[in-house]
Amino acid sequence: MQELDSKIIDETKQGEALAPFVNDPNIYQKHFYIESYGCAMNFSDSEIVASILNKEGIGATNIMEEADLIFLNTCSIREKAEQTVRKRLTEFRKEKKNRPGLLIGVLGCMAERLKTKLLEEEKLVDLVIGPDAYRSLPQLIAEAETGQKAVNVLLSRDETYSDISPIRLSSNGVSAFISIMRGCNNMCSFCVVPFTRGRERSRDARSIVAEAEDLFSRGFKEVTLLGQNVDSYNWINEETNEEITFAKLMEKVALVSPKLRVRFSTSHPKDITDDVLYTIAKYHNICNYIHLPIQSGSTRVLQLMNRTYTREWYLAKVDRIRQIIPDCGISSDVISGFCTETEEDHQDTITAMEYSKYDLSYMYFYSERPGTLAEKRYEDDIPLEVKKRRLQEIVDVQYRLSKESNERDLGKTYEVLIEGNSKKNENDWMSRTSHNKVIIFPKGNHGFQKGDYATLKVISCNKATLIGELVN
Ligand code: SAM
Ligand code: SF4
Ligand code: F3S
């Protein structure tokens, strides 16, 4: 979501040891170490877990050898994501053999999917906790400490953790995630998420706005509203009977301050309304960027995927976005080699990408997931080498589209938010435009700080990054 470079994003590589902060033995007697895999929702959940554990006197550490508890917050979206977690668990097992008191817990979507099987398969796992059960962590840790195997994988219809203030684990101090809803009611036939995350539910809008206000008061300048399908956010204030749609919620968050940028992820194309588009267009601080996953450009395949839109309907939605928000960045998710996909279907995907002129795409080959509708109904009949060849063709198209998109920005002027040092050169700033492109520019003697806004003119580019110079 944060990269400009279009490439195959493998969620399993996004795993990160989080916890660059407080490690004071006077505050915390015990420490946990957590690695998060998968989507932004999982990273955001790890921050909720950190908050729950802090209240119990358990502080975060980024040194695994120092931890009394090791957690893996896992992802099940593709087979490879699960393989990576299993490999990591094997490494943790070695650590546990050296330190018998150490507890190892599996959190997140793989915990939910495999439940107690995980305890049987991975003998040295002590805790298995699904995404809706994090409040029971203290009790489960206590049970595990007495040598029992502790499991809670109950899914909830109303848990949103709305009262929990997340501890920002690996934050740059400028941008933060705010989870606005949980679960998913769509039944895309390839997708495991409805089974691992349960029914969709929207968080109390007042707590979302309060979280945004708190972040802004602490110097944050950008929030990303998170959900699997943010456009179906719907919450009713029972005191006033006011219905808060996603458009209204965005507006409320945008009104926290014109200096607070608002982003969101992810949109299901079927639910993104004109109301949402006009709200984005109305507020300068709601970023002109929409992640609009197409998955396939073939109407026949889209039907099998149960995406509920056709190719034509999707492309008309892209037109509508460009009409209402002229300078809008659009990105996508694409799957190659779904069941029965022909070369013609594959070409339909390529032409739909070209029509949509995506700035960026996350591209995958289809990975059959146990229990999904596709696994039950259709044969996974496209050979792996065909899936991979088609994926490579899709990646090549996106590389070209990203390069062309960057070339279109040459000579244009943008307001950017400075996120921190450039990774390649600490004499340069890394900043981001509203339409989600990274612009690198020299620090010089301008006295900017991370979190400041600047106005830049794009003077050159490569396929991944724009280079800018300051405009007086
Ligand atoms: N809720 C979002 C949506 O509707 O687009 C994102 C869902 S998922 C976390 C992110 C992406 O993973 C999907 O958009 C899809 O492209 C991909 N994905 C999901 N299941 C997959 C599977 N079985 N094989 C390959 N890719 C998959
Ligand atoms: Fe999965 Fe579809 Fe829900 Fe996205 S909208 S999480 S792809 S079921
Ligand atoms: Fe993975 Fe679960 Fe997210 S399956 S992509 S971590 S919702």
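Residues numbered from 1 in each chain as written. Chains lettered and ligands numbered in written order. Predicted model: local features only at pLDDT ≥ 70, side-chain atom pairs only at ≥ 80, totals over all residues. Heavy atoms only, no water.

**Let's talk about the overall build of the protein**
Helices and strands together make up the secondary structure of the protein, namely 14 helices and 22 strands. Against the 2.2 N^0.38 benchmark of 23 Å for 472 residues, the protein shows a C-alpha radius of gyration of 22 Å, consistent with a compact globule. By its C-alpha atoms, the protein is 65 × 60 × 50 Å across when sized along the principal axes. Counting across all 472 residues of the protein, residues that qualify as buried make up 58%. Within the protein, contacts between residues separated by at least 24 positions form 73% of all contacts whose residues are at least 6 apart in sequence. For the protein, the accessible surface area stands at approximately 19,600 Å², while carbon and sulfur atoms represent 50% of it. Seen as two clouds, the 63 positive and the 71 negative side-chain charges of the protein have centres 1 Å apart. (Helix = DSSP H or I, 4+ residues; strand = E, 2+ residues; numbered from the N terminus. Rg over C-alpha atoms; globule rule 2.2 N^0.38 Å. Buried < 20%, exposed > 50% of the residue type's maximum accessible area, 1.4 Å probe, protein only. Contact = heavy atoms within 4.5 Å. Areas by Shrake-Rupley, 256 points an atom, 1.4 Å probe, with all protein chains shown as cover. Lys, Arg positive; Asp, Glu negative; His and termini not counted. Charge placed at Lys NZ, Arg CZ, Asp CG, Glu CD.)

**Things to note about the site of ligand 1**
Close to ligand 1 lie 15 residues; Arg78, Gln228, Gln295, Asp333 and Ser367 are nearest. Separating a nitrogen atom of ligand 1 from a side-chain N or O atom of Arg78 is a distance of 3.0 Å. Contact distances for ligand 1 include 2.8 Å between a nitrogen atom and a backbone N or O atom of Gln228. Considering ligand 1 on its own, with 560 Å² of exposed area, one finds that the protein chains cover 93% of that surface. Of all the secondary structure elements, the ones that give two or more residues to the shell around ligand 1 are strand E16 (329–336) and strand E17 (360–365). (Near = heavy atom within 4 Å. Polar contact = N/O pair within 3.5 Å; in protein donor to acceptor, adjacent residues only side chain to side chain.)

**Some remarks on the site of ligand 3**
Ligand 3 sits among Cys39, Asn42, Thr74, Cys75, Ser76, Ile77, Cys109, Val193, Arg197 and Gln228. Each residue belonging to the shell around ligand 3 can be placed in one class, and the counts come to 5 nonpolar, 4 polar and 1 charged. Shared between two domains, the shell around ligand 3 holds at least three residues of each, these being domain 1 (19–152) and domain 2 (175–408). (Nonpolar A, V, L, I, M, F, W, Y, C, P; charged D, E, K, R; others polar. Domains from an automatic or database assignment.)

**Details of the packing of helix H1 (residues 40–55) against helix H5 (residues 137–145)**
One way to put it is that H1 packs onto H5 with a least axis distance of 9 Å and a crossing angle of 65 degrees. It follows from the interaxial angle that H1 and H5 lie roughly perpendicular. Counting all contacts with H1, which are made through Val49, Ile52 and Leu53, the residues of H5 involved are Leu137, Pro138 and Ile141. (Axes fitted to C-alpha atoms, helices over the stretch in contact; angles between N-to-C directions. Parallel < 35°, antiparallel > 145°, perpendicular 65-115°, else oblique.)

**Some words on the pairing of E17**
With respect to burial, E17 is a largely interior element, 5 of its 6 residues being buried. In this sheet, E17 lies alongside E16 in parallel orientation, the contact comprising 6 bridges. Note on E17: the bridge partner recorded for Ser336 is Phe365. Each parallel crossover has a hand, and the one from E16 via helix H12 (residues 343–356) to E17 is right-handed. (Pairing = 2+ DSSP bridges. Right-handed = clockwise from strand over helix to strand, strands pointing away.)

**Examining helix H8 (residues 246–254)**
Phe246, Ala247, Leu249, Met250, Val253 and Ala254 are the residues of H8 that are buried. The arc that holds every buried residue of H8, seen down its axis, measures 160 degrees, which confines them to one face. (Arc of directions from axis to C-beta.)

**Observations regarding the packing of helix H9 (residues 274–282) against helix H11 (residues 311–324)**
Axis angle and axis distance: for two packed helices, these are the angle between their axes and the distance between the axes, and together they describe the pair. At a minimum axis distance of 9 Å, the contact between H9 and H11 shows a crossing angle of 30 degrees. With respect to their mutual orientation, H9 and H11 come out roughly parallel. Of the two possible hands of crossing, H9 and H11 adopt the one that is right-handed. Mapping the contact onto sequence places Asp274, Leu277, Tyr278 and Ala281 in H9 and Arg320, Ile321 and Ile324 in H11. Among the residues forming the contact of H9 with H11, the class breakdown is 5 nonpolar, no polar and 2 charged. (Left-handed = near helix turned anticlockwise from the far one by under 90°.)

**Brief notes about the domain arrangement of the protein**
If you check the domain split of the protein, you get domain 1 (19–152), domain 2 (175–408) and domain 3 (413–470). For domain 2 versus domain 3, the distance between C-alpha centres works out to 26 Å. Listed by partner, the interface residues are 21 residues for domain 2 and 19 residues for domain 3. Considering only the side of domain 2, the residues that lose the most area to domain 3 are Lys221, Arg261 and Asn406, jointly responsible for 39% of the buried surface there. Where domain 2 touches domain 3, the interface holds 1 salt bridge. One salt bridge connects Lys437 with Asp359, and the closest N-O pair in it is separated by 3.9 Å. On the surface where domain 2 and domain 3 come into contact, there are 10 residue pairs in polar contact (both at pLDDT 80 or more). (Buried area = accessible area lost by both parts, 1.4 Å probe. Salt bridge = Lys/Arg side-chain N within 4 Å of Asp/Glu carboxyl O.)

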